[in-house]
Structure formats: structure tokens, C-alpha cells
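Summary of the model geometry
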Amino acid sequence: MLGIKKRLWVNNVDIVDLLRPYRIEIGTVLPIVDGESQPSPLLTEEAEEEEASSKQIDGSSPHGPGSPGVLGPETSAGLPTCLLCTCLITTVYCDDHELDNIPPLPKATTHFYSRYNKIGRITKNDFANQNNLKKIDLTSNVITDIDEDAFRGLPNLEELVLRDNRIRQLPELPHTLIFIDVSHNRLGRKGIKEETFKEMANLNHLYLSGNELDHIPLPLPESLQSLHLQDNNIQEMHEDTFCNVKDVSYVRRALEDIRLDGNPINLSKTPQAFMCLPRLPIGRLV
């Protein structure tokens, strides 16, 4: 009986045995609602908390065997990604961990940072099925090679930062990009394919400084606001690089920040190339 810890005897009668048919078990009572009994929870609050805690500790997943757990898929080091790195909601930070490859990411990842590591190559499988990924930042690694379709399957990628690496050629890039920074790499004459940026209708910032480029990669989308090309090997520019020489009324209002300083080019030789711009490029004029 509820609350009875010891046997009680009254007139040589065991009260517990007498009331045994009327004993109530905790957790089995069916409350009466509108004349009908309702099922009660099978687990106590303590049992539910214990079960939830065990799932977080062992990384198990409610989606069945073989599904990535709450700590993410397992890496080549034998640890889940979110134990090796730091995961905050949908952002994964793997900075300064001496990684030599891209760790497998949870499918919900939207922002991925793996700066100051030793990653040397990006393969076509590194970001496979990452449909939610919006930003990749791989600053200061030792990347030399990128598979041609490494970023092709990323439908929501908006920011790509690959500065301070050893990249010689850019792969195919998604047209969804808004921000690109490939500064301080080894992009040369053939480092950027023709019309690479043409279809990027929302591209705002393009940073290509500190490479070995000998030309301005054209055409550039009308949405572009900042173009940084300083410290390259650009020697000449045409009058229709930024403007439309056939339409004197054409104005390119968005492009307000052009950096060409540190190049062997004399901007004063092509004054018509800047007539449609709201501001003159920064660079050598004599």
C-alpha cells in the first residue's frame, strides 16, 4: 500500500494483507477523463532523462543503425567530427587541428571553418551531399589541388574562402556564390577559366590579390561591388573592361572598389575604361 513501510498488526490481524486487494501501483493508474480511462506514461521522468543522456554520450541516433549520431560521422582519426572539432548548432569549427584532409561533416552543416591546418587537396567526395552548406573557409592550409567538381554539388554555397594556399587553378564554381576570396595563391595565366564568373548574378566581392595573374578575368557580373587584383602581374587593360564603349550613357553603379595597385600597369593609358564607374581604381597613374 502507498506509504506503508512496515507491517501493522491490529487485534492479531495483518493490516497489509487485509488491504492487499486494494493496493495501488504507481505508474499504472489510468486517470478518468470524460468518463474514459486514459493511458499513463510508461517511463518516469528520471528514466526518460537517463535515456536521453545516454543517447548524447554514445552518439546514437533515433534514425536507426548506420545513421550519423549527435556527434557527427566518424573521421579517419576514429573520432566523431564534433568530438574532434567544435560544433555549434550548424557551424563546424576545425581550426588549427593539424588536419591533412576535410573531415566528414554532419548533413545539417551550414558553415565550415578549417583554417590553419595542413590540408593539401580537396576531393569531389569531401563535400558530397552537403546541400545545406553556405560557407567554406579553408584559409592558410597547403592546398595545391582541387577536383574539378569538388564544389559543383553545393546548391546553397554563398561564401568560399581559400586565401593563403598554393592553388594553381580554380575548379568549376557554383553560380550561387556571393563572396569569393582566393587571395595569395599561385593562380597564373591559366589559373582561371574563361567566363568563370559570368553567370554569378549575385557575386558582390571578388578577391584575387597576391597571385600571378596577367589579365583581368572577364566578363564580370553587374552585381560586383569589390574587385581586388593588387600585387599581380597585370600589364594592360582594354577600354571595355568595365564600361561599354558603344553606349556612352552606360553607368556601372555597383562597382565602387577596384584595387590594381602593385601591378605593372599604367591606368592613365586607358582613361575611357573608367568613365562609367562611380570611382577610379586604385593604382599607378604615371
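Residues numbered from 1 in each chain as written. Predicted model: local features only at pLDDT ≥ 70, side-chain atom pairs only at ≥ 80, totals over all residues. Heavy atoms only, no water.

Named according to an unreviewed UniProt entry, the protein chain is LRRNT domain-containing protein originating from Pleurodeles waltl. The UniProt entry for the protein chain carries this comment under Subcellular location (unreviewed entry): "Secreted, Extracellular space, Extracellular matrix". As recorded by UniProt, the Sequence similarities (unreviewed entry) comment attached to the protein chain reads in full: "Belongs to the small leucine-rich proteoglycan (SLRP) family. SLRP class III subfamily." (UniProt positions renumbered as here; feature names shortened; annotations may be inferred.)

1. Here's the deal with the overall build of the protein chain
Scanning the protein chain from terminus to terminus reveals 3 helices and 15 strands. Working note: accessible area of the protein chain is about 17,400 Å², and carbon and sulfur atoms make up 50% of it. (Helix = DSSP H or I, 4+ residues; strand = E, 2+ residues; numbered from the N terminus. Areas by Shrake-Rupley, 256 points an atom, 1.4 Å probe, with all protein chains shown as cover.)

2. Examining the sheet that holds strand 14 (residues 226-228)
Strand pairing in a sheet is mediated by backbone hydrogen bonds. Such pairs are either parallel or antiparallel. Strand order in the open sheet formed by 9 strands is 5-6-7-9-11-12-13-14-15, with mixed pairing between adjacent strands. Looking at strand neighbours, the two that pair on one side only are strand 5 (86-88) and strand 15 (257-259), the edges of this open sheet. Sheet twist, expressed as the mean angle between neighbouring strand axes with direction ignored, is 5 degrees. The pairing of strand 11 (residues 159-161) with strand 12 (residues 179-181) spans 3 bridges and is classified as parallel. Its bridge partner being in strand 12, E159 is matched across the sheet by F179. (Pairing = 2+ DSSP bridges. Axes fitted to C-alpha atoms, helices over the stretch in contact; angles between N-to-C directions.)

3. Quick word on the state of the cysteines
Within this structure, the stated rule accounts for 3 disulfides. Put simply, C85 and C94 are joined by a disulfide, and their sulfur atoms are 2.1 Å apart. Taking the torsion about the sulfur-sulfur bond, which here is approximately 105 degrees, the covalent link between C85 and C94 counts as right-handed. Each disulfide of the protein chain joins two cysteines, and with those cysteines numbered along the sequence the arrangement is 1-3, 2-4, 5-6. (Disulfide = S-S within 2.5 Å.)

4. A look at the UniProt feature "domain: LRRNT" (unreviewed entry) in the protein chain
Per the UniProt record, the feature "domain: LRRNT" (unreviewed entry) sits at residues 81-111. Structurally, residues 81-111 is divided into 13% helix and 23% strand, and its ends, taken at the C-alpha atoms, are 14 Å apart.

5. Points about the nonpolar core
Nonpolar side chains in soluble globular proteins tend to be buried together. Formed by 53 residues in total, the largest nonpolar core has its most connected members in F112, F127, I136 and F242. Not counting chain neighbours up to four residues away, the residues in contact with F242 comprise I216, L220, L227, M237, Y250, R252, L255, I258, A273, C276 and L277. (Core = buried A, V, L, I, M, F, W, Y, C linked by side-chain atoms within 4.5 Å. Buried < 20%, exposed > 50% of the residue type's maximum accessible area, 1.4 Å probe, protein only. Contact = heavy atoms within 4.5 Å.)

6. A short note on the packing of aromatic side chains
Throughout the structure, instances matching the rule amount to 4 aromatic pairs. Between Y93 and Y113, the ring centres sit 5.1 Å apart and the planes meet at 10 degrees, which makes this aromatic pair stacked. Linking Y93 in strand 6 (residues 91-93) with Y113 in strand 7 (residues 111-113), this pair joins segments that are 20 residues apart in sequence. A relative accessible area of 29% places Y93 in the partly exposed class. Judged by relative accessible area, which is 12%, Y113 ranks as buried. (Phe/Tyr/Trp six-rings, centres within 6.5 Å; stacked < 30°, edge-to-face > 60°.)

7. Describing the pattern of salt bridges
By the definition in use, this model includes 11 salt bridges. With a shortest N-O distance of 3.0 Å, R163 and D181 are connected by a salt bridge. Here R163 is found in the loop between strand 11 and strand 12, whereas its partner D181 is found in strand 12, with 18 residues between them in sequence. For D181, a relative accessible area of 5% puts it in the buried group. Where D261 meets R259, a salt bridge forms, and the shortest distance between an N and an O atom there is 2.8 Å. Through salt bridges with shared partners, a single network forms among D95, R115 and D137. (Salt bridge = Lys/Arg side-chain N within 4 Å of Asp/Glu carboxyl O.)

8. Notes on the environment of Q169
Residue position: Q169 is located in the loop between strand 11 and strand 12. On the basis of relative accessibility, which here comes to 42%, the residue Q169 falls in the partly exposed class. Each C-alpha atom, one on Q169 and one on N185, is 9.4 Å from the other, the two residues being 16 residues apart in sequence. Setting aside chain neighbours within four positions, we find Q169 in contact with L187, K190, G191 and K193. Within the structure, Q169 has its side chain in polar contact with the backbone oxygen of K190 (distance 3.5 Å). (Polar contact = N/O pair within 3.5 Å; in protein donor to acceptor, adjacent residues only side chain to side chain.)

9. Some remarks on the side chain of S223
Inspection of the secondary structure assignment puts S223 in the loop between strand 13 (205-207) and strand 14. When neighbours within four sequence positions are excluded, S223 is seen to be in contact with M200, A201, N202, L203, N204 and A254.

10. Side note on the side chain of R252
Considering the arrangement of structural elements, one finds R252 in the loop between strand 14 and strand 15. Although R252 lies buried, it forms no salt bridge, and the closest oppositely charged side chain, E222, sits 4.2 Å away as judged by the N-O distance. A distance of 3.0 Å separates the side chain of R252 from the backbone oxygen of L220, its partner in a polar contact. Once you skip the residues sitting within four places of it in the chain, R252 turns out to touch L220, P221, E222, F242, C276, L277 and P278. (Lys, Arg positive; Asp, Glu negative; His and termini not counted.)

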